[in-house]
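# Fold and contact review
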Amino acid sequence: MKRIEHHACFGGSQEVWEHASSTLGCSMKFGIYLPKIAIQGERCPVLYWLSGLTCNEQNFITKAGAQRYADDYGLIIVTPDTSPRGDDVPNDPAYDLGQGAGFYLNATQSPWSKHYRMYDYVVDELPVLIEKHFAANEKRSLSGHSMGGHGALTLALRNPKRYCSASAFSPIVAPSQVPWGIKAFTAYLGEDRASWKQYDAVALIHAGHQPPPLLIDQGEADEFLESQLKPELLQEACRVAGYPLEFNRRACYDHSYYFIASLIGEHLKFHAALLK
């Protein structure tokens, strides 16, 4: 573990750390915001933020403006990268496959399977590091955007006892049914679509997985709304299953971090109430 960035921020500390990941077989970076009470030694709950396609650990910490709320609520925010990285890690020229596009799953197909195990990294390896090296307690929640919203939902659905809550901005709710997900799942998981269901939020709900409390915000001016996101599929699945879902359609907002920055305070308030 090596700290490579440190910035005083709203009374706390915004940091970036680098470490060798045994799960991914490469060097990884993550951002972490420590509120002032964590710096003082009080153990705090952790919100894991999962970013979207093309992003790394920097996008959320520099664009979302979440730190002021995290300090108010006494939350640690951890922002992992979106995929394994490095010259020895397989990649693809397209933005929606390979580095920057890990889709928070464990790949089973060559050449991806050796490194692309973001599911295990976020669920297992990273929390152990955070809870060992920082003033973090064992209460965790998940949030994310787009591909990261897909990750937050599927990780929470498959591990409801590990996470107190989950939220998402503009999530890919049914990747098995949209071009982004079909392309990635075919490459990472192969042609057997039955194996895709474990990483599809709508399929998981239909299969009886019970989520922790969920909050979703979706912009109505999102350019990917109809082609890639299809939130109505998640709404219908939750309705049929009888699961409560707090879902907000927001007029005029698009897919950008301007949307996230506008509403991140509401999401952190939602998580803080459930984490404490």
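Above this text is the structure in question.
What counts and how
- Residues numbered from 1 in each chain as written.
- Predicted model: local features only at pLDDT ≥ 70, side-chain atom pairs only at ≥ 80, totals over all residues.
- Heavy atoms only, no water.
- 1 Å grid on protein atoms, 1.4 Å probe; cavity = no way out; pocket = protein on both sides within 12 Å on 5 of 7 lines; lining within 4 Å.
- Points joined across faces, edges and corners; volume = space filled by probe spheres on them.
- Helix = DSSP H or I, 4+ residues; strand = E, 2+ residues; numbered from the N terminus.
- Nonpolar A, V, L, I, M, F, W, Y, C, P; charged D, E, K, R; others polar.
- Pairing = 2+ DSSP bridges.
- Axes fitted to C-alpha atoms, helices over the stretch in contact; angles between N-to-C directions.
- Contact = heavy atoms within 4.5 Å.
- Core = buried A, V, L, I, M, F, W, Y, C linked by side-chain atoms within 4.5 Å.
- Buried < 20%, exposed > 50% of the residue type's maximum accessible area, 1.4 Å probe, protein only.

## Thoughts on the layout of surface pockets
Within this model, the largest pocket holds a volume of roughly 260 Å³. Around the largest pocket sit 16 residues that line it, and Leu-53, Cys-55, His-145, His-255 and Ser-256 are the ones nearest its centre. Put simply, the parts of the chain that give the lining of the largest pocket at least two residues each are α2 (58–63) and α10 (257–275). If one sorts the elements of the lining of the largest pocket by residue count, α10 sits on top with three residues. When the residues that make up the lining of the largest pocket are grouped by side-chain class, the tally is eight nonpolar, seven polar and one charged.

## Here we look at the sheet that holds strand β2 (residues 12–21)
Strand order in the open sheet made by the nine strands is β1-β2-β3-β5-β4-β6-β7-β8-β9, with mixed pairing throughout. Both edges of this open sheet fall to β1 (2–9) and β9 (246–250), since each of them pairs with a single strand only. Between one strand axis and the next, the sheet turns through 20 degrees on average, direction left out of account. As paired elements, β1 and β2 share seven bridges and run antiparallel to each other. By the bridge assignment, Glu-5 is partnered in β2 with Val-16. Helix-sheet contacts for helix α5 (residues 147–158) involve β4 (44–50), β6 (136–145), β7 (166–169) and β8 (214–219), and the interaxial angle to β6 is about 135 degrees. Strand contacts of helix α9 (residues 231–241): β8 and β9, with the helix running at about 155 degrees to β9, the strand carrying the most contacts.

## Here's the deal with the nonpolar core
By size, the foremost hydrophobic cluster in this structure holds 68 residues, and its most contacted members are Phe-103, Ile-130 and Tyr-188. When residues in this core are grouped by element, the largest group, seven residues, is from helix α4 (residues 118–133). Beyond its immediate stretch of four places on either side in the chain, Phe-103 contacts Leu-53, Thr-82, Asp-96, Met-147, His-150, Ile-172, Trp-180, Gly-181, Ala-184, Phe-185 and Tyr-188. In this structure, Cys-9, Tyr-257, Leu-268 and Leu-275 belong to the second largest nonpolar core, which totals 19 residues.

## Some points on empty space enclosed by the protein
By the definition in use, this model includes one cavity of 30 Å³ or more. Considered as a void within the structure, the largest cavity measures approximately 40 Å³ in volume. Taken together, Gln-14, Tyr-33, Phe-60, Ile-61, Ala-66, Gln-67, Ile-77 and Thr-79 make up the lining of the largest cavity. Only α2 and β5 (76–80) provide two or more residues apiece to the lining of the largest cavity.

In short, shape yes, function no, at least from these values alone.
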